[in-house]
Amino acid sequence: MKENVKEINLDIHNHYNDLPYKSSVHLYTAPQRIAAVAALYGLENPPLENARILELGCSFGANSIPTAIYYPQSKIVGVDLSVKQIEFAQKAAEFIQLDNITFLQKDICEITAEFGVFDYIICHGVYSWVPQEVQKAIRRVCRECLAPNGLALISYNTYPGWKGKEILRDIMRYSAGNILEEVTKVEYGVSFLEFLKKNTNTNLVKTVLDSHFDRINSASKSYISHEYFEKFNSPQYFHEFIKEIQEDGLTFVAESNLNGVISPLGDEADKIISNECAGDWVKYQQYFDYVANTTFRSSILCHKELEEQIMRSKNIKYTSLEKVHVSGKFLYDQEKACYRSVETGNFVGSQQPKFIEAINSAFPATLSVKEFMDNYKQTLSEDERSDKLAAMYFYVAQVIFSNILDVTIKPIKSVEYSLQYPKINEKIRLLAEFLVIEGTRNISMFTSLYKTYNKEEPMLPYILSKLDGKHTKKEIVEFVLGVVERKEVLFHVNNNVLTDMNDIIKSSENLVDTIISDMQFYGMLE
């Protein structure tokens, strides 16, 4: 059996080397996000400043590098099966001069308790795509290598949402089954789905295609290859996953994206479901997945010994809310009489405008919920304090669990900066310079809140590499024009290369302005 697993792992290794999956930062896997969500449910989180962090399946390192940059006293280990990806991650870390992160080519099955103890263990984009023996090893590592008060995160594909997507996966794999070259295989599989979408009458396949084809068609070939053509892609129901982790001495804390709290059902229907579950939080979460047709989860776990400390309830304690910091930017929509998120376009009610206005005033820094509530208390008389405080806490909880805010356990402060000589964090600038030198975008750039930034713009690393506080916008535009002149990157309009010099200059100026404005918006300038 062990030999079979090694052979399977070799196949997986070769597949990822044949068509590497672009490595990106993932907001819901960030340790400060994991710690914040756990705090909302009553758990004391391990301090981030000197945290020991392990990432299983780290790819090119894009998900671990931001933590290494923002928390220089932390110690981070990233492991991956792919030699090519680990070598690239090691080279990037060396170029950026990160001495608190180590990348190792290693089989997860070979990791034992002697490997070390970690405060946070992160396994994103691996669990559903490996055989059961490796899944078992992931759970074992989370048990054996997680500190007593540590937190783990495992992401995985879920039913019922993946029931329909499996049909499309089966169709693509079968239709392109005889094609060996990976990119050609992906292109053929997608084109066959498009053929079916145009020619299939009303039935289940047509319904699934209408729901998912556009997203598949717009995705990168590497994403489609690893999501739909991998030998292993094993979604499961949430309750099945929970049974597995419980058998291995772990327990469920919450979803990192805070799903499963605010029901998509109306109040009356949700009350019926809640009564049916009779306090069984796992059962309630499973019913949530049925209703929401959930396709993916990012579950935070801890040792089962902490079970009694977890406060699983829709009624989050005030003291728990006060442990987190939030961020967002909103505009008031006169027509709808509510606020709209600038980033996502989602709406939030305007019942408590002071909270939203405080968030806007703090942005791009975070707002401490505790400081806001302390200040709000001072504006209330003794007679009105009890009712109004309860209403505000309820509203704050509703907004947080609507997943419309960024939530973190550590504050992000505002800093002074110069627009005349724009500058970003030196290690982030060095990462951009590294990507320019390597001529690749294997690692996506990111914001201070762990969001992927403009990952498809080929000129992005060139521009970011010049945000060193020594160049004006005009000088950066001249640098961009040099890049175009050398034909390292070209500007396109409607898939046609720009050749008119005036158009190229205009495009260069607009792009430099946009990227610097975005850096200002996201609080990246210093």
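Residues numbered from 1 in each chain as written. Predicted model: local features only at pLDDT ≥ 70, side-chain atom pairs only at ≥ 80, totals over all residues. Heavy atoms only, no water.

J.: What should I look at first to understand the overall build of the protein chain in this one?
T.: A tally of regular secondary structure across the protein chain gives 20 helices and 15 strands. Its C-alpha atoms give the protein chain a radius of gyration of 24 Å, near enough to 24 Å, the size a compact globule of 526 residues would have. Within the protein chain, contacts between residues separated by at least 24 positions form 77% of all contacts whose residues are at least 6 apart in sequence. Only carbon and sulfur atoms are counted for the fraction: they give 49% of the accessible area of the protein chain, which is about 24400 Å². Side chains of the protein chain carry 56 positive and 70 negative charges; the gap between the two charge centres is 1 Å. (Helix = DSSP H or I, 4+ residues; strand = E, 2+ residues; numbered from the N terminus. Rg over C-alpha atoms; globule rule 2.2 N^0.38 Å. Contact = heavy atoms within 4.5 Å. Areas by Shrake-Rupley, 256 points an atom, 1.4 Å probe, with all protein chains shown as cover. Lys, Arg positive; Asp, Glu negative; His and termini not counted. Charge placed at Lys NZ, Arg CZ, Asp CG, Glu CD.)

J.: I keep staring at helix α10 (residues 238-247) and nothing clicks. Help me out?
T.: The set of residues buried in α10 consists of Phe238, Phe241, Ile242 and Ile245. Within α10, the buried residues cover an arc of 100 degrees as seen down the axis, which keeps them to one side. Pointing more than 90 degrees away from the buried face of α10 are the exposed residues Lys243 and Glu247. Tucked inside the fold, the buried residues of α10 contact α5 (132-144), β5 (146-157), β6 (250-255), α12 (281-292) and β7 (296-303). Gly249 sits one or two positions beyond α10 and adopts a positive phi of about 80 degrees. (Buried < 20%, exposed > 50% of the residue type's maximum accessible area, 1.4 Å probe, protein only. Arc of directions from axis to C-beta.)

J.: Is there a simple way to explain the nonpolar core in this structure?
T.: One broad trend across soluble globular proteins is that nonpolar side chains are buried collectively. Tyr41, Leu56, Ile138, Val326, Phe355, Ile400 and Met459 are the most contacted members of the largest nonpolar core, which has 142 residues in total. Tallying contributions element by element places helix α16 (residues 382-401) first for this core, with nine residues. Residues contacting Leu56, with those up to four places away along its chain left out, are Val79, Ile108, Ile111, Ile121, Ile122, Cys123, His124, Val126, Ile138 and Val141. (Core = buried A, V, L, I, M, F, W, Y, C linked by side-chain atoms within 4.5 Å.)

J.: Would you mind going over helix α19 (residues 473-485) with me for this structure?
T.: An α-helix turns once per 3.6 residues; consequently, residues spaced three or four apart project the same way. With 13 residues, α19 ought to run about 18 Å at 1.5 Å a step, and its terminal C-alpha atoms sit 18 Å apart, in line with that. Regarding α19, the residues found buried are Ile476, Val477, Val480, Leu481, Gly482, Val483 and Val484. Buried residues belonging to α19 abut α18 (460-464) and α20 (501-521). Backbone geometry just downstream of α19 places Lys487 in the positive-phi region, at approximately 60 degrees. (Expected span 1.5 Å × (residues − 1).)

J.: Can you walk me through the pattern of salt bridges in this structure?
T.: It is possible for side chains bearing opposite charge to pair when their charged atoms get close. If you walk through the whole model with that rule in mind, you get 29 salt bridges. The shortest N-O distance in the salt bridge between Arg297 and Glu255 comes to 2.9 Å. Of this pair, Arg297 sits in strand β7 while Glu255 sits in strand β6, and the two are 42 residues apart along the sequence. On the basis of relative accessible area, Arg297 is assigned to the buried category, the value being 2%. On the basis of relative accessible area, Glu255 is assigned to the buried category, the value being 2%. Within this structure, Arg139, Arg140, Arg143, Glu144, Glu244 and Asp248 form a network of salt bridges that share partners. (Salt bridge = Lys/Arg side-chain N within 4 Å of Asp/Glu carboxyl O.)

J.: Honestly, the side chain of Arg33 in this entry has me stumped. Any pointers?
T.: For Arg33, the location among the structural elements is in helix α2 (residues 31-40). No salt bridge is formed by the buried Arg33; the nearest opposite charge belongs to Asp406, separated by 5.2 Å. Among all residues touching Arg33, those that are not within four sequence positions of it are Leu27, Tyr28, Ser256, Asn257, Leu258, Asn403, Leu405, Asp406 and Val407.

J.: In this structure, what is going on with the packing of aromatic side chains? I would like to understand it.
T.: The geometry of an aromatic ring pair comes down to the distance between the two centres and the angle between the two planes. For the structure shown, the criterion picks out 26 aromatic pairs. Ring geometry for Phe60 and Phe88: centres 5.2 Å apart, planes at 80 degrees, overall edge-to-face. Of this pair, Phe60 sits in the loop between β1 (52-56) and α3 (65-70) while Phe88 sits in helix α4 (residues 83-96); the two residues are 28 residues apart in sequence, bridging distant segments of the chain. Relative accessible area serves as the criterion here: at 10%, Phe88 is assigned to the buried category. Relative to Phe241, the ring of Tyr127 has its centre 5.4 Å away and its plane inclined at 85 degrees; by these criteria the two rings are edge-to-face. Here the residue Tyr127 occupies a position in the loop between β4 (118-123) and α5, and Phe241 occupies one in helix α10, the gap between them amounting to 114 residues. Connected via pairs of aromatic rings, a cluster forms that spans Phe60, Phe88, Phe95 and Phe434. (Phe/Tyr/Trp six-rings, centres within 6.5 Å; stacked < 30°, edge-to-face > 60°.)

J.: Just to check I follow, could you spell out the sheet that holds β6 for this structure?
T.: The strands making up a sheet associate through backbone hydrogen bonding, with each pair oriented either parallel or antiparallel. A sheet is described by the order of its strands in space; here seven strands give the open sequence β3-β2-β1-β4-β5-β7-β6, paired in mixed fashion. The strands lining the two open edges of the sheet, one partner per strand, are β3 (101-105) and β6. Taking each pair of neighbouring strands and ignoring which way they run, the sheet shows an average axis angle of 20 degrees. Pairing of β1 with β4 involves three bridges; the strand directions are parallel. From the neighbouring strand, Leu54 faces β4, where its bridge partner is Ile121. Contacts between α2 and the sheet are confined to β1, β4, β5, β6 and β7, with β4 contributing the most and set at about 105 degrees to the helix. (Pairing = 2+ DSSP bridges. Axes fitted to C-alpha atoms, helices over the stretch in contact; angles between N-to-C directions.)

J.: What am I meant to see in the sheet that holds strand β10 (residues 338-341) here?
T.: Strand order in the open sheet formed by three strands is β9-β10-β11, with antiparallel pairing between adjacent strands. Unpaired on one side and paired on the other, β9 (330-333) and β11 (347-348) mark the two borders of the sheet. The pairing of β9 with β10 spans four bridges and is antiparallel. Within β10, the residue paired with Asp333 across the bridge is Cys338.

J.: Just checking my understanding: could you explain the side chain of Asp270 for this structure?
T.: Structurally, the position occupied by Asp270 is in helix α11 (residues 267-277). Taking relative accessible area as the criterion, Asp270 reaches 13% and is therefore assigned buried. A distance of 2.6 Å separates polar atoms of two side chains, one belonging to Asp270 and the other to Tyr284. In contact with Asp270, not counting residues within four places along its chain, are Ser263, Leu265, Tyr284 and Lys314. (Polar contact = N/O pair within 3.5 Å; in protein donor to acceptor, adjacent residues only side chain to side chain.)

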